[in-house]
Amino acid sequence: MTEAPHILVVDDHREIRDLLGKYLRQHGYRVTLADGGEAMRRTLKGAAIDLVVLDLMMPGEDGLSLCRWVREKGQMPVIMLTALGEETDRIIGLEMGADDYLTKPFNPRELLARIKAVLRRATSLPERRDALAADTLRFDRWELNQARREITGPDGLAVALSTAEFNLLRAFLNHPRMVLSRDQLLDLTQGRAAEVFDRSIDNQVSRLRRKIEADPKDPALIKTVWGGGYMFTASVEPAR
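First, a word on scope: everything that follows refers to the structure included in this document. (Residues numbered from 1 in each chain as written. Predicted model: local features only at pLDDT ≥ 70, side-chain atom pairs only at ≥ 80, totals over all residues. Heavy atoms only, no water.)

1. Examining the sheet that holds strand β1 (residues 6-10)
Heads up, the condition is: Should DSSP find at least two bridges between two strands, the strands are taken to pair. Working definition: helices are DSSP H or I runs of at least four residues, strands are E runs of at least two. Numbering for both runs from the N terminus. Note on method: axes are straight lines fitted to C-alpha atoms, helices fitted across the in-contact stretch only, with angles between N-to-C directions ranging 0 to 180 degrees. The contact definition used throughout considers only heavy atoms, calling two residues in contact when any of these lie within 4.5 Å.
Read from one edge to the other, the open sheet built from 5 strands follows the order β2-β1-β3-β4-β5, with strand pairing classed as parallel. Two strands in the sheet have a free side with no partner beyond their single neighbour: β2 (30-34) and β5 (100-104). Between one strand axis and the next, the sheet turns by 20° as a mean value, whatever way the strands run. Both β1 and β2 contribute to a ladder of 5 bridges, which runs parallel. Looking across to β2, one finds that V9 is bridged to L33. Strands in contact with helix α1 (residues 14-26) are β1, β2, β4 (78-83) and β5; relative to β2, the strand with the most contacts, it is inclined by about 175°. Contacts from helix α3 (residues 63-73) reach β3 (51-55) and β4 within the one sheet, and its direction differs from that of β4 by about 170°.

And the structure:
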């Protein structure tokens, strides 16, 4: 029998922690509660956690720094809890790698639905490659400098990438010659915020094609797979 997913709830408000812990256990999840960063780190060192529900505003180490720490350690899903009026911090949290967010006050049923969706997407994502650890990657006639977020062609001219273009290109370079659905690309690039529609990926692909394809109207690097999504056709290797 498959063991139930283990959820870590991190919130400095005891009533919220206890409420969520009780509710999630009633729906079949294993739950550990933590009142802040220290307890969270201690739990993650001693237990296999499948997803973290993380409050943004906490005394001491806040949710943004903790989310950054979690993302540096790996790809464990994170759902952030934010208060009304914290839109800027919410956006920063998503940029740091949070998979989703929920605004307080919220209905526990909505959190449950988001947990199920994030866990489902996390288990369906293709395996990552190790090549992206290199500072500079080579594909086709381009080199990507990851620190500067720019690509350089054979003419030596650098082309800057927006954050969305950079994240999308990294997703393709990390999964070359694999068909990636729009949902998978959204998960790999932005964590799939609830209001994002899958057709936004089509627009991002079009913009990226205009920068890296010899003929964007007849793309050779990013192929459309009808009914499936997109496939990056070039081989990828660390630049020497």
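2. Comments concerning the nonpolar core
So the rule is basically this: We define the nonpolar core as a collection of buried residues of types Ala, Val, Leu, Ile, Met, Phe, Trp, Tyr and Cys that are connected through side-chain atoms lying within 4.5 Å of one another. Under the scheme applied here, a residue whose accessible area is under 20% of the maximum for its type counts as buried, over 50% as exposed, and between as partly exposed, the area being computed with a 1.4 Å probe on protein chains only.
Core analysis: the largest hydrophobic core is formed by 25 residues, its most contacted members being F139, L169, F172, I212, I222 and F232. Looking at this core, the elements that each hand over two or more residues are β6 (136-139), β7 (142-145), α6 (163-174), α7 (182-190), α8 (199-212) and β12 (229-232). If one sorts the elements of this core by residue count, α6 sits on top with 6 residues. Ignoring sequence-local partners within four residues, the contact set of F139 consists of L144, L169, L173, I212, L221, F232, A234, S235 and V236. Of all hydrophobic cores here, the second largest spans 19 residues; its members include A39, M58, L66 and V78.

3. Details of the pairing of β7
As judged from the 4 bridges shared by β6 and β7, these two strands associate in the antiparallel manner. When the bridges of β7 are listed, F139 appears paired with W142. Taken together, β6 and the strand that follows it, β7, pair antiparallel across an intervening segment of 2 residues, in which D140 is found at a positive phi of about 50°. Judged from the 3 bridges that link them, β7 and strand β8 (residues 150-152) form a sheet pairing that is antiparallel. Across the sheet, the residue bridging to E143 is T152, located in β8. Connecting β7 to the antiparallel partner β8 that follows it, the hairpin turn spans 4 residues, and R149 within it adopts a positive phi of roughly 55°.

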